[in-house]
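This is what each chain is made of:
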Amino acid sequence: MPAPRPLHTGWTVRAAEPGAVAFPAAVPGCVHTDLLAAGAIPDPFLDDNERRLHWIGRSAWLYETTFDAEGLRGDRIDLVADGLDTVATVELNGVEVARTANMHREYRFDVGAVLRPTGNELRVRFDSAYDYAESVRDAVGPRPNAYPEPFQYIRKMASNFGWDWGPTVVTAGIWRPIGLDAWSTARLAAVRPLVTVAGGTGTVEVRVTVERAADRPLTLTAAIGGHEATAEVPAGATEASVRVEVPGAELWWPRGYGEPRRYELDVTLRDGDGAVLDAWRRRVGFRTVELDTGRDADGTRFVLRINGTPVFARGVNWIPDDAFVTRVGRERYAERIGQAIAAGVNYLRVWGGGRYESDDFYDLADELGVLVGQDFLFACAAYPEEEPIGGEVAAEAREQVVRLMPHPSLVLWVGNNENIWGFHDWGWREELAGRTWGEGYYLGVLPRIVAELDPTRPYWPGTPYSGDPAIHPNDPAHGTTHIWDVWNTHDYRHYGSYRPRFAAEFGFQAPPTFATLRRAVSDEPLAPDSPGVWYHQKATGGNEKLARGLQGHFPPPQGFDDWHWATQLNQARAIAFGVEHFRSLRPLCTGTIVWQLNDNWPVTSWSAVDGDGRRKPLWYTLRRSYAERLVTLQPRDGAPALVAVNDTLSPWRARVEVRRLTFAGDPRAKATIELDVPPAGAATVTLPAELTTPDDPAAELVVADGAGERALWFFAEDVDLAYPAPAADVTVHPAGDGVDLEITAGTLLRDLTVFADRVDPAATVDRQLLTLLPGESVTLRVRGTAETGPAVWSAPPVLRTANDLVVSASAHPGGSRSSSTRTPTE
């Protein structure tokens, strides 16, 4: 059937006060982007503009348009609003049609009685989200949260109110499509495809809710894969189902396990004469998903099985890709998910402080074979269970479970982010003094809704969560765990003390790429604590934690360029250390979800891809650490051991050459290891003592080369290593839309990185963080610039190595092994 007639043109927006100026408005959109497009406000993402625009979220706004409705015919004409953000009063031709207060719901209103053929006036007033949330807080009583904002008292994207990586931009507007839908007799109000497969036969049981304008007999048909089934719907019935089987159904598999095969599913509602009343089409996939949370000798498992096969989750956490989510379309989703895939990711966790992600997001995940875990939208706060929030939560959950059911990529619903942990460990229990905090949602309302509407998918009450109220919710031996003492208080080597069953969050900060930071911040000169750089660091004590994280690894940075490089390198080192340690514990550990893939604006954060979509060094190291087949050197009994991890379904046999060398490249010991790693397994090889015992720990390393990868072991931290001053020969070759850099090492070059964006903001490079032995060469492909001058590419801040940071510090006699940065006062 035709989609609703869009009402997306002719809109204006103005403050809801006398004499306010009206500006053109984009629908879908929001007030911030409308004001920005009109030149009425500065860009909130630049410098500290954001804090001067907080008044927008505390104001009421009016969206208005006029339209004609000629040619619309039907028993019913509905105004359909797929998303109103958030506290909305809808008026048509001066008649109040509805009031809403949930960003995450879709709405439909019968407007036939007030609609005119021409000259209709539609007005949507958005009251301040702050005013609403604070009134709810006053009514139900205050509750603790992680940030001084009232986000848990309104069903709106929590990160709109700011986070430790995001700006405070409390939006309002018609954020999803709006239009008119004319229909007669009956329509499909909800379609729930329960997709299962057993014994090679795929089954789709289609359950529908029918909204009626007339009590007549109907027929319901489902067609998929060349098979069709029809059921009669008696007069007056509003629920119906039809079951269709597909013998020999091809399975949907995640990346690395098979093809993500999908089938078109068509559902049609007809009247007694066979005329089509409504139709629904989606692409579905036949696959099973199980969550194994059984107990064993080590604690409580957390294993995802797809089609009966255990899948190690090489994951990243996903946040909204823009603070203004209406600016994220299919192309941008495709780019960002593509970056995740290129880094070896097979699992995206949609974090609970954002949104239920869009159909484009999920369709791309389906198509590309990426697994998705979707949090229900509760994060870092005690949430009231009283009205009006309780009813909105249940209605929202029912709608979103049904909306996302067709997507085979969605394999797990999670009740919340860190709220059960918060209740146990963050002093909430005492502060709440018996008031509700969300437990009734996570252990009652939400699991009941998932079980009723979509029993094909597992539900987990929260993350972290142990699976047993009698066990601490963040016990690493049970269920999912979040590791945040590393970053907040501990050195990243502390990851090595953990043996988690499933590491669902862990991360380490670094600034964005230089080009992104330079676009967003006008400070002259840039410094770690210059006003704009500091403002784009939202984590409490973030710069101090960055400095503390360098201690024991690198000398204090000498100026901004060294600080920028050292903190980005340290982020990459930290996450590589954690990921490779956790993966080496397979099968004890069955998943790692790095915090975080992306940013929603230009900011110093835990991301691998920054707010302008540029890849930080972390992205490049994640690509290696998340390879399906990984060779890594891990500490075992006080010495390095070779660990090979095989995430594929085929045996892995390979030869690895392991050498102990001096920094000058002189051999000290050598061994050849024959790997034989079972499918979905890991193997640990103890190395001979002559490989693991250095003559000079400050000037030797172990190199393991094989299967196209290189693993390294240094016997001391960088600050204690006798690095040579880096020497490299760089030859530049023009190459199509860029240049190729042929780099030959004159000395050991550790973590060789070319920052192409410092030459041209549009430039990218294919590899970073390469370690070359003396005499070795590599060719880096740079695209997006025609710069061919060798001098540009041959020295800092464009060409960097870890050597730079130690050698340059030793040239400054005032250098020490501790550093700090000050925090300016506002």
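Up top is the structure these notes are about.
Residues numbered from 1 in each chain as written. Predicted model: local features only at pLDDT ≥ 70, side-chain atom pairs only at ≥ 80, totals over all residues. Heavy atoms only, no water.

> Tell me about the overall build of the chain, residues and numbers included.
Scanning the chain from terminus to terminus reveals 17 helices and 48 strands. Taken against the 2.2 N^0.38 rule, which gives 28 Å for 826 residues, the C-alpha radius of gyration of the chain at 29 Å falls within 12% of a compact globule. Along the three orthogonal principal directions, the C-alpha set of the chain runs to about 90 × 65 × 65 Å. In the chain, which comprises 826 residues, the share counted as buried stands at 61%. Considering only contacts within the chain whose residues lie at least 6 apart along the sequence, 69% involve residues at least 24 apart. Averaging the locations of the 81 positively and 110 negatively charged side chains of the chain gives two centres separated by 2 Å. (Helix = DSSP H or I, 4+ residues; strand = E, 2+ residues; numbered from the N terminus. Rg over C-alpha atoms; globule rule 2.2 N^0.38 Å. Buried < 20%, exposed > 50% of the residue type's maximum accessible area, 1.4 Å probe, protein only. Contact = heavy atoms within 4.5 Å. Lys, Arg positive; Asp, Glu negative; His and termini not counted. Charge placed at Lys NZ, Arg CZ, Asp CG, Glu CD.)

> Tell me what's going on with the packing of helix α12 (residues 542-550) against helix α13 (residues 560-584), and back it up with residues and numbers.
Where α12 meets α13, the axes come as close as 10 Å, and the angle between the chain directions of the two elements is 75°. One finds that α12 runs roughly perpendicular with respect to α13. In this structure, α12 uses Asn543, Leu546, Gly549 and Leu550 to contact α13, whose residues at the interface are Trp563, Ala566, Thr567 and Asn570. Class assignment of the residues belonging to the contact of α12 with α13 gives a composition of 4 nonpolar, 4 polar and no charged. (Axes fitted to C-alpha atoms, helices over the stretch in contact; angles between N-to-C directions. Parallel < 35°, antiparallel > 145°, perpendicular 65-115°, else oblique. Nonpolar A, V, L, I, M, F, W, Y, C, P; charged D, E, K, R; others polar.)

> Please give an account of α12 that cites residues and values.
The element α12 is largely enclosed, with a buried count of 7 among its 9 residues. Every buried residue belonging to α12 is among Gly542, Asn543, Lys545, Leu546, Ala547, Gly549 and Leu550, and all of these are buried. Close packing links the buried residues of α12 with α9 (485-488) and α13. Once α12 ends, the next one or two residues include glycine 552, with phi positive near 85°.

> Account for the pattern of salt bridges, with residues named and values stated.
Tallied over the full model, the rule gives 76 salt bridges. For glutamate 367, the salt bridge identified is with arginine 330, shortest N-O distance 3.8 Å. Linking glutamate 367 in helix α4 (residues 359-368) with arginine 330 in helix α3 (residues 330-342), this pair joins segments that are 37 residues apart in sequence. A salt bridge links aspartate 562 to arginine 800; the nearest nitrogen and oxygen atoms lie 2.7 Å apart. Placement of aspartate 562 in helix α13 and of arginine 800 in strand β48 (residues 799-800) is noted, with a sequence separation of 238 residues between them. Here aspartate 562 and arginine 800 have matching classes, each one buried. (Salt bridge = Lys/Arg side-chain N within 4 Å of Asp/Glu carboxyl O.)

> I'd like a description of α13, backed by residues and values.
With 25 residues, α13 extends 36 Å from end C-alpha to end C-alpha; this agrees with the ideal 36 Å at 1.5 Å per step. Counting buried positions along α13 yields 24 of 25 residues, so the element is predominantly enclosed. (Expected span 1.5 Å × (residues − 1).)

> If you had to explain the sheet that holds strand β41 (residues 709-714) to someone new, which residues and values would you point to?
One open sheet accounts for 4 strands, arranged β38-β37-β40-β41; its pairing is antiparallel. What marks the edges here is a single partner per strand, and that holds for β38 (667-677) and β41. Going across the sheet, the axis of each strand differs from the next one's by a mean of 20°, ignoring polarity. As defined by bridge partners, strand β37 (residues 652-662) adjoins β38 across 10 bridges and the pair is classed as antiparallel. Opposite valine 658, over in β38, you have alanine 671 as the bridge partner. (Pairing = 2+ DSSP bridges.)

> I'd like to hear about the sheet that holds strand β16 (residues 201-212), residue by residue, with values.
Sheet strands line up and pair through hydrogen bonds in the backbone, either parallel or antiparallel. Within the open sheet, the 3 strands sit side by side as β15-β16-β19. Their pairing is antiparallel. The open sheet terminates on both sides in strands that have one partner only, identified here as β15 (186-198) and β19 (239-247). This sheet shows a mean twist of 20° between the axes of neighbouring strands, independent of strand direction. Pairing geometry for β15 and β16, over 12 bridges, is antiparallel. Across the sheet, leucine 188 pairs through a bridge with valine 210, a residue of β16.

> Describe the packing of α13 against helix α14 (residues 617-625), listing the residues and the values that go with them.
The N-to-C vectors of α13 and α14 enclose an angle of 20°; their axes lie 8 Å apart at closest approach. By the angle between their directions, the pair α13 and α14 is classed as roughly parallel. Like other packed secondary-structure pairs, α13 and α14 cross with a definite hand, here right-handed. Residues Gln568, Gln571, Ala572, Ile575, Ala576, Val579, Glu580 and Arg583 of α13 pack against Pro617, Leu618, Thr621, Leu622, Arg624 and Ser625 of α14. Of the residues belonging to the contact of α13 with α14, the class tally is 7 nonpolar, 4 polar and 3 charged. (Left-handed = near helix turned anticlockwise from the far one by under 90°.)

> Give me the lowdown on the nonpolar core, citing residues and values where you can.
Counting 148 residues, the largest nonpolar core has Phe376 and Trp793 as the members making the most contacts within it. For this core, the element with the most residues is α13, which contributes 7 residues. Apart from the residues within four sequence positions on either side, phenylalanine 376 is in contact with Gly352, Tyr356, Ala397, Val401, Trp413, Val414, Gly415, Asn416, Leu446, Val450 and Tyr459. Phe67, Leu84, Phe126 and Ile174 belong to the second largest nonpolar core, which has 35 residues in total. (Core = buried A, V, L, I, M, F, W, Y, C linked by side-chain atoms within 4.5 Å.)

> Explain the side chain of glutamate 64 residue by residue, including any values.
By secondary structure assignment, the location of glutamate 64 is in strand β4 (residues 61-67). At 2.8 Å, the side chain of glutamate 64 and the side chain of arginine 123 are in polar contact. Residues contacting glutamate 64, with those up to four places away along its chain left out, are Gly10, Trp11, Thr12, Arg14, Leu122 and Arg123. (Polar contact = N/O pair within 3.5 Å; in protein donor to acceptor, adjacent residues only side chain to side chain.)

> Residue-level account of the packing of aromatic side chains, with values.
Counted according to the given criterion, the structure contains 45 aromatic pairs. Judged by centre distance (6.1 Å) and plane angle (40°), the rings of tryptophan 55 and tryptophan 61 are tilted. Since its relative accessible area comes to 41%, tryptophan 55 is described here as partly exposed. Residue classification places tryptophan 61 among the buried positions, given a relative accessible area of 4%. Put simply, the rings of Tyr147, Phe151, Trp163, Trp165, Trp351 and Trp595 pair up and form one aromatic cluster. A cation over an aromatic ring shows up here: arginine 58 above the ring of tyrosine 130, its NZ or CZ 3.8 Å from the ring centre. (Phe/Tyr/Trp six-rings, centres within 6.5 Å; stacked < 30°, edge-to-face > 60°. Lys NZ or Arg CZ within 6 Å of the ring centre and 35° of its normal.)

Honestly, that's just the spatial picture; any functional story needs more than this.
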